[in-house]
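Residue strings, one per chain:
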Amino acid sequence: MTVGRGETSGMPRWTTSPRALDETATPEALAAVAATVQERLPDTVENVVTDRGEVTLHVRPERLLDVLALLRDDPGLRFELLSSVSGVDYIAEERRLHAVYHLTSMTYRRRIRVEVAVSVEDPHVPSAYSLYPTADWHERETWDFFGIVFDGHPGLTRIEMPDDWDGHPQRKDYPLGGVPVEYKGAQIPPPEDRRAWA
């Protein structure tokens, strides 16, 4: 028996060449994408953050759909896939609740983020469902955990927590313990009352 390289494809003579990074996916190219959005949609982008070769566009919530439509439909941009929507709570900020949209261009093999910020008192963001149907469950989860309301979503209901759950458990001011659970009258003690394991 011959010991090989552990070939498991069933096609031992099949070889692939390494794919070089497409020039359209470099940090400079992504900065050009941001510049295109700023040029085509003035007074829409609040901030552009480039960190570790990744670009995030911080946009005004009321202009979110305009930005997403441009990124999806422009032939030079073509961000065809909304891979996820996530929430973040920066409790020290006035507009502390952030919805973050992770977009992928399969055509140009690049990624970009679009982020909007809203306050707890007015947590409304337009739903991206009409542009990207993949936003459906992601927006439901973000609403469930953070309380961001996605206006125009076809069925904004809880997806992780029970329907009658009070509050949004991923917010930074949500209590970490003392929550009654449905198990023989048990209760989760607050962190300071839990047994510390050394």
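Everything numeric in this text was worked out from a predicted model, so none of it was measured.

Q: Got a minute to help me understand the overall build of the chain in this structure?
A: From N to C terminus, the chain includes three helices and nine strands. For the chain, buried positions account for 36% of its 198 residues. The contacts in the chain between residues at least 6 apart in sequence include a share of 50% that link residues at least 24 apart. Total accessible area on the chain is roughly 12600 Å²; 52% of this is exposed by carbon and sulfur atoms.

Q: How should the sheet that holds strand 3 (residues 81-89) be read in this particular structure?
A: Backbone-to-backbone hydrogen bonds pair the strands of a sheet. The strands run either parallel or antiparallel. Pairing is mixed across the open sheet formed by five strands, whose spatial order is 1-2-5-4-3. Each edge of the sheet is formed by a strand with only one pairing partner; in this case those strands are strand 1 (45-51) and strand 3. Taking each pair of neighbouring strands and ignoring which way they run, the sheet shows an average axis angle of 20 degrees. Bridge count for strand 4 (residues 97-105) against strand 5 (residues 110-118) is nine bridges, and the pairing is antiparallel. Looking across to strand 5, one finds that H98 is bridged to A117. Relative to strand 3, helix 3 (residues 135-146) is tilted by about 5 degrees, and along the sheet it contacts strand 3 and strand 4.

Q: Can you help me understand the pairing of strand 1 in this one?
A: As judged from the six bridges shared by strand 1 and strand 2 (residues 54-59), these two strands associate in the antiparallel manner. Considered in strand 2, the bridge of N47 is made with H58. From the end of strand 1 to the start of strand 2, which pair antiparallel, there are two residues, and R52 there has a positive phi angle of about 55 degrees.

Q: Can you help me understand the nonpolar core in this one?
A: One broad rule of soluble globular proteins: the nonpolar side chains tend to lie buried together. Of all hydrophobic cores here, the largest spans 37 residues; its most connected members are L68, L71, Y101, L103 and V114. Every element with two or more residues in this core is listed here: helix 1 (27-40), strand 2, helix 2 (64-73), strand 3, strand 4, strand 5 and helix 3. Sort the elements by how many residues they give to this core and helix 2 lands first, with five residues. The contact partners of L103, leaving out residues within four places of it in the chain, are L68, L71, F79, L81, L82, R110, R111, I112, V114 and Y132.

Q: How do you make sense of the pattern of salt bridges when you look at a structure like this?
A: The final tally for this structure, using the stated rule, is eleven salt bridges. Note that D51 and R52 form a salt bridge whose closest N and O atoms lie 2.6 Å from each other. The shortest N-O distance in the salt bridge between R78 and E80 comes to 3.3 Å. Salt bridges here are not isolated pairs; linked through shared partners, they connect D89, R96 and D173.

Q: I tried to follow a negative patch on the surface on my own but got confused; where do I start?
A: Taken together, the side chains of E94, E121, D122 and D151 present a region of like negative charge at the surface. By secondary structure assignment, the location of E121 is in the loop between strand 5 and strand 6 (124-126).

Scoring rules and cut-offs
- Residues numbered from 1 in each chain as written.
- Predicted model: local features only at pLDDT ≥ 70, side-chain atom pairs only at ≥ 80, totals over all residues.
- Heavy atoms only, no water.
- Helix = DSSP H or I, 4+ residues; strand = E, 2+ residues; numbered from the N terminus.
- Buried < 20%, exposed > 50% of the residue type's maximum accessible area, 1.4 Å probe, protein only.
- Contact = heavy atoms within 4.5 Å.
- Areas by Shrake-Rupley, 256 points an atom, 1.4 Å probe, with all protein chains shown as cover.
- Pairing = 2+ DSSP bridges.
- Axes fitted to C-alpha atoms, helices over the stretch in contact; angles between N-to-C directions.
- Core = buried A, V, L, I, M, F, W, Y, C linked by side-chain atoms within 4.5 Å.
- Salt bridge = Lys/Arg side-chain N within 4 Å of Asp/Glu carboxyl O.
- Patch = residues over 30% accessible without salt bridge, like charges linked within 9 Å, V, L, I, M, F, W, Y side chains within 5 Å.
- Lys, Arg positive; Asp, Glu negative; His and termini not counted.
- Charge placed at Lys NZ, Arg CZ, Asp CG, Glu CD.

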